[in-house]
Amino acid sequence: MTTLKEGDKAPDFTGIDQNENTISLSDYKGKKLILFFYPKDNTPGCTAEACNLRDNFEGLKAKGYELLGVSPDSAKKHQNFIKKHDLPFPLLADTEKEVLNAYEVWGEKQFMGKTYDGVHRTTFIIDEEGKIEKVFKKVKTKAHTEQILEEMEG
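Quick summary incoming for the structure in this document.

Section: the packing of aromatic side chains
- All told, the structure shown has eight aromatic pairs when counted by the stated rule.
- Ring geometry for F37 against Y103: centres 5.3 Å apart, planes inclined by 40°, an arrangement best described as tilted. Here Y103 lies in the loop between helix 4 (98–102) and strand 6 (106–111) and F37 lies in strand 3 (residues 32–37), a separation of 66 residues in the sequence.
- Given the relative accessible area of 0%, Y103 is considered buried.
- Relative to F124, the ring of Y103 has its centre 5.0 Å away and its plane inclined at 65°; by these criteria the two rings are edge-to-face. Here Y103 is found in the loop between helix 4 and strand 6, whereas its partner F124 is found in strand 8 (residues 122–126), with 21 residues between them in sequence.
- Relative accessible area serves as the criterion here: at 0%, F124 is assigned to the buried category.
- A network of ring pairs unites the aromatic residues F36, Y38, F57, F81 and F89 as a single cluster.

Below, the structure is given as structure tokens:
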């Protein structure tokens, strides 16, 4: 689990999105970024989370937020996920797990008595200056937008 916390400088990153465009943290300078890490495209929890953010995308944009999802899936898998669920935000294809490791969200997990390495579902709110404003380690997949806005707007 991540040791990054509020007030820390967000780790810089550069990666490719679903269309193989290069995206870096610096692209979001001067904007508030919701950077959400999720395990896998087209799984129930990840789909619920992405669709909740999709359904509230315009409202989040109106409040000044940009969104970027990150998983270890390929650009091609991200393209299919975006098309299937009409997602209006980019997804970073972190197949080498560089961004996942920089944010300390890749690591040992347990499920049904088995231990394996995977993504710890985590969301970071990064401010206009590149500082971490909030870390969500217990993401409510079906109500993530509400969870974010409650915390950020008090």
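Considering the layout of surface pockets
- Taken as a whole, the largest pocket encloses approximately 300 Å³ of empty space.
- P39, K40, K109, Y116 and V119 are the residues nearest the centre of the largest pocket, which is lined by 16 residues in total.
- Residue assignment for the lining of the largest pocket shows that the elements contributing at least two residues are strand 6 and strand 7 (114–119).
- Looking at the lining of the largest pocket element by element, the count peaks at four residues for strand 7.
- A per-class count over the lining of the largest pocket returns six nonpolar, four polar and six charged.

About the criteria used
- Residue numbers restart at each chain and count upward from 1, following the sequence in its written direction.
- Reporting of local features is limited, given that this is a predicted model, to residues whose pLDDT is at least 70; pairs of side-chain atoms are given and counted only at 80 or more, and all residues count toward the totals for whole chains, interfaces and linings.
- Heavy atoms from the whole structure form the basis of all side-chain values; hydrogens and water molecules are not counted.
- For Phe, Tyr and Trp, rings pair up if their centres lie within 6.5 Å, where Trp contributes its six-membered ring, and each pair is then called stacked (planes under 30 degrees apart), edge-to-face (over 60) or tilted (otherwise).
- Helix and strand assignments come from DSSP, with helices taken as H or I runs of at least 4 residues and strands as E runs of at least 2, each series counted from the N terminus.
- Summary of the burial criterion: residues with accessible area below 20% of their type's maximum are buried, those above 50% are exposed, and those between are partly exposed, where the area comes from a 1.4 Å probe applied to protein chains only.
- Think of a 1 Å grid over the protein atoms and nothing else: a 1.4 Å probe that fits but is trapped marks a cavity, an open set flanked by protein within 12 Å on at least five of seven lines marks a pocket, and residues with an atom within 4 Å of a point count as lining.
- Grid points are joined across faces, edges and corners, and a volume is the space filled by probe spheres set on the points.
- When residues are sorted by character, Ala, Val, Leu, Ile, Met, Phe, Trp, Tyr, Cys and Pro go into the nonpolar class, Asp, Glu, Lys and Arg into the charged class, and all the rest, Gly among them, into the polar class.

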